[in-house]
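Chain residues, written in single-letter form:
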Amino acid sequence: MNKSTPTHGILGPEPMTVLTDVLLAAVAIFFGARIYGVSAAPVHFYFALSFFLIALGTLAGATIHAIRHTSLVSRVPLLWRITGIAVGTSVMAMLAATFYLILPADYADILRWTVLGLSILYAGYIWRDYRFRNVIVFYSIFMAFILGAMALNYVSTGSPGAKLIVVGILISFGAAAVQRSGFKLARHFNHNDIYHVIQLIGLYFFYKGALLL
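Report follows, based on the coordinates. Note that the structure is a prediction, hence the values are computed from the model and not measured. (Residues numbered from 1 in each chain as written. Predicted model: local features only at pLDDT ≥ 70, side-chain atom pairs only at ≥ 80, totals over all residues. Heavy atoms only, no water.)

## A few points about helix H1 (residues 15–36)
Between its first and last C-alpha atoms H1 spans 32 Å; for 22 residues at 1.5 Å apiece the expected length is 32 Å, and the two agree. Those residues of H1 not exposed but buried are Thr17, Val18, Thr20, Asp21, Leu24, Ala25, Ala28, Phe31, Gly32 and Ile35. All buried residues of H1 lie within an arc of 165 degrees about the axis, which places them on one face of the element. (Helix = DSSP H or I, 4+ residues; strand = E, 2+ residues; numbered from the N terminus. Expected span 1.5 Å × (residues − 1). Buried < 20%, exposed > 50% of the residue type's maximum accessible area, 1.4 Å probe, protein only. Arc of directions from axis to C-beta.)

Given below as structure tokens:
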């Protein structure tokens, strides 16, 4: 055996990243299913859809980290596209839920078509240019809008659900900052792993908040 060739386990050189991605996906699916079961209201449907899209993105991310040092590396560009599209459209689903929370249903029904159109345009753009910075810009802009809308809803109505979602968004922004910093606690607990753990906390606040809407 060539000693200069690195050997990795079945999860690749970043096993904790794969495992925390899978954990994040499992929690997102569980939370999404619970939210979907609350009621047939659009606000719960779109929040559940957001969680399911997060799960899709994190599963694709886990696969990327597991295979990118293997003979299956040629699949990575496709998986990055899936990840980017899933992350961006998860925010759009949350935006649709926000419209149904803060606006009369007739107006929200109209705006959801705008959300769908933006999602299609975004998906087409990411399919051509799947650099993750594009995903981050899109995600940040619309998540900031949702943050403002939820904060105003909490101030005007005292909604505990909106308050918890605001907290979840702030935690998510903090998680993203850690991820971008490159900070790591150990060789097998890097910035991506820390991001996933913090994001789990953020998802919990999204989940608890959505249940109360």
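## Regarding the nonpolar core
Core analysis: the biggest nonpolar cluster contains 42 residues, and Phe47, Phe51, Ile146 and Leu203 have the highest contact counts within it. Residue assignment for this core shows that the elements contributing at least two residues are H1, helix H2 (42–67), helix H3 (76–102), helix H4 (105–128), helix H5 (132–157), helix H6 (160–181) and helix H7 (191–211). Sequence-distant contacts of leucine 203, that is, excluding residues within four places in its chain, are made with Leu24, Ala28, Phe31, Phe51 and Ile54. In terms of nonpolar packing, the next biggest core, distinct from the first, is built from eight residues, Ala60, Ala62, Ala66 and Leu79 among them. (Core = buried A, V, L, I, M, F, W, Y, C linked by side-chain atoms within 4.5 Å. Contact = heavy atoms within 4.5 Å.)

## As for a nonpolar patch on the surface
Taken together, the side chains of Val22, Ile29, Tyr36, Phe45, Leu49, Phe52 and Leu59 define a hydrophobic patch exposed on the protein surface, amounting to about 590 Å² of accessible area. Secondary structure elements with two or more residues in the nonpolar patch: H1 and H2. Tallying contributions element by element places H2 first for the nonpolar patch, with four residues. As for its placement among the helices and strands, leucine 49 is situated in helix H2. (Patch = residues over 30% accessible without salt bridge, like charges linked within 9 Å, V, L, I, M, F, W, Y side chains within 5 Å. Areas by Shrake-Rupley, 256 points an atom, 1.4 Å probe, with all protein chains shown as cover. Salt bridge = Lys/Arg side-chain N within 4 Å of Asp/Glu carboxyl O.)

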